[in-house]
Amino acid sequence: MPVGDQPEDGRAGDSTAEPLLAPVDGVPPVLATPEEVAAAAATLAGGTGPLAVDAERASGFRYSARAYLIQLRRAGAGTFLIDPIPVTDELAPLAEAINDLEWVLHSADQDLPGLAELGLRPARLFDTELGGRLAGYERVGLAAMVEKLLGRALRKGHGAADWSTRPLPAEWLNYAALDVELLLELRASVAADLEAQGKTDWAAQEFEHIRTTEPPAPKADRWRRTSGIHTLRRARQLAVVRELWTTRDGLARARDVAPARILPDAAIVSAATADPRTIAQLRTLPVFGGPRQRRYSRDWLGAIDRARALPDSELPPLTQPFDGPPPPNRWERRDPIAAARLARARAAMGELSLEHSVPVENLLSPDLVRRLCWDGLPEYDRTDTAELAAAVDGFLKSGGARPWQRELAVPRLTTALTPRPA
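Per an unreviewed UniProt entry, the chain is named Ribonuclease D, and its organism is Nocardia xishanensis.

**Q** I'd like a description of unusual backbone geometry, backed by residues and values.
**A** With the exception of glycine, most residues fall at negative phi, and the peptide bonds are largely trans. Here the residue pair Arg166 and Pro167 is connected by a cis peptide bond, since its omega of -5° sits within 30 degrees of zero. Locating Pro167 in the fold gives a position in the loop between strand S8 (152-154) and helix H6 (170-181). In this structure, Asp221 is a non-glycine residue whose phi angle is positive, near 55°. Note on placement: Asp221 falls in the loop between helix H8 (200-212) and helix H9 (235-255). Phi at Val287 takes a positive value of approximately 80°, unusual for a residue other than glycine. Within the secondary structure layout, Val287 lies in the loop between helix H12 (279-283) and helix H13 (291-294). Look at Val287 and you get partly exposed, because its relative accessible area is 33%.

**Q** Describe the UniProt feature "domain: HRDC" (unreviewed entry) in the chain, and please don't skip the residues or the numbers.
**A** As recorded in UniProt, the sites labelled "domain: HRDC" (unreviewed entry) are residues 234-314. Regarding residues 234-314, the helix share stands at 70% and the strand share at 0%, and the terminal C-alpha atoms are separated by 13 Å.

**Q** Can you break down a positive patch on the surface residue by residue, with the values?
**A** Where like charges cluster on the molecular surface, the positive patch consists of Arg255, Arg261, Arg292 and Arg295. Inspection of the secondary structure assignment puts Arg295 in the loop between H13 and helix H14 (297-309).

**Q** I'd like a rundown of the packing of helix H16 (residues 336-356) against helix H18 (residues 366-375), residues and numbers included.
**A** The N-to-C vectors of H16 and H18 enclose an angle of 145°; their axes lie 8 Å apart at closest approach. Note that H16 runs across H18; the crossing there is right-handed. Contacts between H16 and H18 involve Ala338, Arg341, Leu342, Ala345 and Arg346 on the former and, on the latter, Val369, Arg370, Cys373 and Trp374.

**Q** A description of the pairing of strand S6 (residues 102-105) should follow, citing residues and the corresponding values.
**A** Of the two faces of S6, both are covered, the one formed by Glu102 and Val104 as well as the one formed by Trp103 and Leu105. Where strand S3 (residues 48-56) meets S6, two bridges bridge the pair, whose relative direction is parallel. Of the residues in S6, the one forming a bridge with Ala52 is Val104. Bridge analysis of S6 against strand S7 (residues 124-127) gives four bridges, and the strand direction is parallel. Across the sheet, the residue bridging to Glu102 is Arg124, located in S7. Taken together, S6, helix H3 (residues 108-116) and S7 form a β-α-β motif whose crossover is right-handed.

**Q** Please set out the nonpolar core residue by residue, giving values where relevant.
**A** With 81 residues, the main nonpolar core has Leu94, Trp103 and Leu396 as its most contacted residues. Among residues more than four places away in sequence, those in contact with Trp103 are Leu51, Val53, Ile98, Leu112, Leu115, Leu120, Arg121, Pro122, Arg124, Leu125 and Phe126.

**Q** Could you give me a rundown of the packing of H18 against helix H19 (residues 385-398), with the residues and numbers involved?
**A** For the pair H18 and H19, the least separation of the axes is 10 Å and the interaxial angle reads 135°. Here H19 runs oblique to H18, going by the angle between their axes. Handedness of the crossing formed by H18 with H19: right-handed. Two secondary-structure elements touch here, H18 through Leu368, Arg371 and Leu372 and H19 through Val392, Phe395 and Leu396. Residues belonging to the contact of H18 with H19 are distributed by class as follows: five nonpolar, no polar and one charged.

Definitions and cut-offs
- Residues numbered from 1 in each chain as written.
- Predicted model: local features only at pLDDT ≥ 70, side-chain atom pairs only at ≥ 80, totals over all residues.
- Heavy atoms only, no water.
- Helix = DSSP H or I, 4+ residues; strand = E, 2+ residues; numbered from the N terminus.
- Buried < 20%, exposed > 50% of the residue type's maximum accessible area, 1.4 Å probe, protein only.
- UniProt positions renumbered as here; feature names shortened; annotations may be inferred.
- Patch = residues over 30% accessible without salt bridge, like charges linked within 9 Å, V, L, I, M, F, W, Y side chains within 5 Å.
- Areas by Shrake-Rupley, 256 points an atom, 1.4 Å probe, with all protein chains shown as cover.
- Salt bridge = Lys/Arg side-chain N within 4 Å of Asp/Glu carboxyl O.
- Lys, Arg positive; Asp, Glu negative; His and termini not counted.
- Charge placed at Lys NZ, Arg CZ, Asp CG, Glu CD.
- Axes fitted to C-alpha atoms, helices over the stretch in contact; angles between N-to-C directions.
- Left-handed = near helix turned anticlockwise from the far one by under 90°.
- Contact = heavy atoms within 4.5 Å.
- Pairing = 2+ DSSP bridges.
- Right-handed = clockwise from strand over helix to strand, strands pointing away.
- Core = buried A, V, L, I, M, F, W, Y, C linked by side-chain atoms within 4.5 Å.
- Parallel < 35°, antiparallel > 145°, perpendicular 65-115°, else oblique.
- Nonpolar A, V, L, I, M, F, W, Y, C, P; charged D, E, K, R; others polar.

Here you go:
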């Protein structure tokens, strides 16, 4: 469950709201057999209305983003907690019962990929976190919204815990059940606010976009995100980081362990700096001499040796080539005209944000705005307003902007990007 803007685990802090300490019907048992899942599916199929859904992962502990607990709640059916691990291949009855329903999740993009791996995919979606953003709420964490809209305070929880733990502690299960206890009521309140603000269709377009968008492909050169890599100044050192990162990633994937638990980034950068030649030298470095890392000493040293043996022509460049515009702080020097366009476009989007009480990043992707201002406009007479508007609209559409976003943004951006008289 996402923590939003809440302190630590995402639960409310000091509050006069009525505490919600336990589910009204108690914590249900964890279902972990095909028979139990089939019975739950039948009960859920007999319920009414949308389905509240949440999933707990083990981020920071496991390599995968798989769901280790699924929480479901529907009016007339109650709450169910399902352990998907022992029944991964036995969830067809559940999918048949719930995949045609509208699902209600908080920050749906975090949980949908892991649920899709299990064959669970909603026919319709309502995201209370995203709905809260569109409605202009200042805080969109689950606890903050439950307190603001429903007057209840969620107790502290275990959102960042290792949910691959078995058996799951009773207090964790209580927390998990509470995550869907009021989600349907929250949906109703958010939907009412969106309707009152004339944003129901906006939200529907955004929810459908999240529901149908595939997870992005892994970025190239992910090893460049190694913490501390900016301290390295030589291409050979970057090659060591790349080889160690790749070796670590393979080990982490095979063991389903978070990479940082195999070898922290700081140790990778330390090895790239020290350039050890033997296992003995390697083990004198921080972390590498520890009992968990010693068994992989040959793997680590082999990675370093491979980097050392690379010809200069195969070393990684010191800087990563840009995929798209350069950082905005370099625009003024490289292209002052584009920099001025971006400044005007940002000002226009900021005005729209204030007018509609929607965060700028939800009105339109900031990256899409940057690409538009850098090289997204073809060469033509930009004083032709209609032609410019059509070009802006086409560019935004090709970049995935939804109709409601283009309807708001195109007129403002067209005005902002129309050349100013000399």
